[in-house]
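Here are the chains, one letter per residue:
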Amino acid sequence: MAAVIFSPYTYLVWLAFITFFGCREFLNLEQVSPGICKSIIVPLIASAWILGTGYLMMHSINVWFMVAVIPFSVTCILLFQIFSRRAPELMVKDGKSYFTAAIYIGIPMVSGCLFLLPQYSFQFVLVPIFLIWANDVFAYLIGSKWGTKKIAPLISPGKSIQGTVGGGVFTIALSLALLLIWPQLPVGFILTLGISVPVFALGGDLWESALKRTAGVKDSGAILPGHGGILDRYDSLLFVMPLAALAYFIFAL
């Protein structure tokens, strides 16, 4: 919250932070071959993409060329792998993981840079964050007490239909409260997120759970003691951020 509220620059650094460590965790879950590409180069390129795009947006500079940076960079990495004389099956597997990391983590975070146009207002970013929190908290509380019908037992046995519906109801209620707290924000922006966040947040949570289950681990990482990794904390945001950016583009720009 401090990063989001303090300034557009700290907000941008926060996005880059999620990108860097999120990419590293994802590539670990994908069991990409150890090396500097996995641990440094790909996460660093993705983070630089976020920082560059956000900086250009803040200064109203054309950002279209940034769209090609990540695909071009990953392609260069694949070329390096082709000439490294590695086993074809390993080369193809790692290459798919690099591109998936760019799509799964890079694109949602670069879409968050849209909030820097035309002038950064932190309230627009806090709306999806607060709604994600409300959905997670009340889905957990209601599901823990009354959850009997599991929504995706093979992926996340703890998720229930009762908890999902309960979390959605409280998320919509919070969106109505935010209309009163921040009346200057477009009604369509807040209501669109209030209705959609429960679905997209659940999708992000289940997707990350599927990644961890496939990798055979409990947490995506250990960077946050007691909480797991970056993906454990921002799995829902990765699915909600593109939605929030689209709603911002439609209703606020």
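Our structure is the block above this text.
An account of the accompanying structure is given in this report. In this text, all values refer to a predicted model and were calculated from it rather than measured experimentally.

## Section: the packing of aromatic side chains
Summed over the entire model, instances satisfying the criterion amount to 13 aromatic pairs. A centroid spacing of 5.1 Å and a plane angle of 70 degrees characterise the contact between Phe124 and Phe189, whose relative ring orientation is edge-to-face. Taken together, the positions of Phe124 in helix α6 (residues 122–146) and Phe189 in helix α8 (residues 187–215) put the pair 65 residues apart, joining distant regions of the chain. Its relative accessible area of 0% is what places Phe189 among the buried residues. A ring pair is formed by Phe124 and Tyr248, whose centres lie 4.9 Å apart and whose planes are at 75 degrees; its orientation type is edge-to-face. Placement of the pair is Phe124 in helix α6 and Tyr248 in helix α9 (residues 230–251), with a sequence separation of 124 residues. Classification of Phe124 as buried rests on a relative accessible area of 10%. Aromatic ring contacts, followed pair by pair, group Tyr11, Trp14, Tyr120 and Tyr234 into a single cluster. Above the face of the Trp146 ring, Lys145 is positioned so that its terminal group lies 5.7 Å from the ring centre.

The rules behind the values
- Residues numbered from 1 in each chain as written.
- Predicted model: local features only at pLDDT ≥ 70, side-chain atom pairs only at ≥ 80, totals over all residues.
- Heavy atoms only, no water.
- Phe/Tyr/Trp six-rings, centres within 6.5 Å; stacked < 30°, edge-to-face > 60°.
- Helix = DSSP H or I, 4+ residues; strand = E, 2+ residues; numbered from the N terminus.
- Buried < 20%, exposed > 50% of the residue type's maximum accessible area, 1.4 Å probe, protein only.
- Lys NZ or Arg CZ within 6 Å of the ring centre and 35° of its normal.

These figures come from the coordinates and say nothing about function on their own.
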